[in-house]
Amino acid sequence: DVKVTQSSRYLVKRTGEKVFLECVQDMDHENMFWYRQDPGLGLRLIYFSYDVKMKEKGDIPEGYSVSREKKERFSLILESASTNQTSMYLCASSPEGPSTDTQYFGPGTRLTVL
Amino acid sequence: AQKVTQAQTEISVVEKEDVTLDCVYETRDTTYYLFWYKQPPSGELVFLIRRNSFDEQNEISGRYSWNFQKSTSSFNFTITASQVVDSAVYFCALSGDDRGSTLGRLYFGRGTQLTVWP
């Protein structure tokens, strides 16, 4: 079974803080993704990575950065958290090859920025 | 560009009713895949099905069935004899990348909240 874990289920931070959201997968997947989910907007892609140290912007990268130093770990960084970044953050991974588009998701981190 | 539309924002049914969740997609790709995911209250998206654009056969898995119609660009999902445990948000998604990357990006609809009452 694919296992994607996220460091926290719930997180409360203050405006201006630097926030790290960690994601780890144990299936040796090449591709990893960060989404945010907001009511009525569905899932929106923030960043993705298809290899160690590689990253690509998704649809809403502003205010975020990412880091992928090891294959199994993909971190999302909010350099200076703002209240409009209060959201559910979902990490996913997928393998290379014929099933490269089948993504497996972690349990999500519900972030509140006060 | 890829686009997925789930016109039903919320659906409520009573247990044992059948329910169909609609999904309409847009793509210029000739090869693509369609997906359904389930998000229960716990939050984790659970993969349900992946369907190749060349395979229009309907698929059945227990109480779940999927109707793929290329002519109408639809990939609808039916739950037969619904149960309270089916209550969740259901997302339809489409693969593809209009920037030519080989990475399997997914484009999600906005989801349909299904509530099944006892």
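From a predicted model like this one, the values you see are computed outputs, not experimental measurements.

### So, unusual backbone geometry
Phase 1: The phi torsion at A:Asp28 lies on the positive side, around 60°, for a residue other than glycine.
Phase 2: Within the secondary structure layout, A:Asp28 lies in the loop between strand 3 (19-25) and strand 4 (31-38).
Phase 3: Exposure remark for A:Asp28: the relative accessible area of 51% places this residue in the exposed category.
Phase 4: Positive phi, normally seen in glycine, also occurs at B:Lys16, with a value near 85°.
Phase 5: Tracing the backbone through its elements, the reader meets B:Lys16 in the loop between strand 2 (10-14) and strand 3 (19-21).
Phase 6: For B:Lys16, a relative accessible area of 69% puts it in the exposed group.

### Let's talk about the nonpolar core
All names here are of chain B.
Phase 1: Counting 23 residues, the largest nonpolar core has Trp-36, Phe-77, Tyr-90 and Leu-114 as its most contacted members.
Phase 2: When contributions to this core are tallied by element, the ones reaching two or more residues are strand 2, strand 3, strand 5 (33-39), strand 8 (64-69), strand 9 (74-79), strand 10 (88-95) and strand 12 (112-117).
Phase 3: Sort the elements by how many residues they give to this core and strand 10 lands first, with four residues.
Phase 4: Ignoring anything within four residues of it in the chain, the contact list for Leu-114 reads Ile-11, Val-13, Val-19, Ile-79, Asp-86, Ser-87, Ala-88 and Tyr-90.

### A few points about the pairing of strand 5 of chain B
Residue and element names in this part refer to chain B.
Phase 1: Most of strand 5 sits out of view: seven of its seven residues are buried.
Phase 2: Alternating positions in strand 5 separate into two faces, Tyr-33, Phe-35, Tyr-37 and Gln-39 on one and Leu-34, Trp-36 and Lys-38 on the other, with burial throughout.
Phase 3: Bridge count for strand 5 against strand 6 (residues 46-52) is six bridges, and the pairing is antiparallel. The partner of Tyr-33 across the bridge, within strand 6, is Asn-52.
Phase 4: Hairpin connection, strand 5 to strand 6: the antiparallel pair is bridged by six residues, and Gly-43 has positive phi, about 110°.
Phase 5: Judged from the six bridges that link them, strand 5 and strand 10 form a sheet pairing that is antiparallel. By the bridge assignment for strand 10, Lys-38 is matched with Tyr-90.

Quick notes on the rules
- For every chain, the first residue of the written sequence is number 1, and numbering continues from 1 onward in sequence order.
- As they are written, the chains are lettered A onward and the ligands numbered 1 onward, keeping that order.
- Per-residue local features are limited, in this predicted model, to residues with pLDDT of at least 70; the limit for side-chain atom pairs, both in listing and counting, is 80 or more; totals at the level of whole chains, interfaces and linings are taken over all residues.
- Computation of side-chain values: all heavy atoms of the structure, hydrogens and water removed.
- Secondary structure elements follow DSSP: runs of H or I no shorter than four residues count as helices, runs of E no shorter than two count as strands, and numbering proceeds from the N terminus.
- Whether a residue is buried, partly exposed or exposed follows from its accessible area with a 1.4 Å probe, protein chains only, as a fraction of its type maximum: under 20%, in between, or over 50%, in that order.
- Residues belong to a common nonpolar core when they are buried Ala, Val, Leu, Ile, Met, Phe, Trp, Tyr or Cys residues joined through side-chain atoms within 4.5 Å.
- In this description, contact between two residues means that some pair of their heavy atoms is separated by no more than 4.5 Å.
- Pairs of strands are assigned from DSSP output, requiring at least two bridges between the strands.

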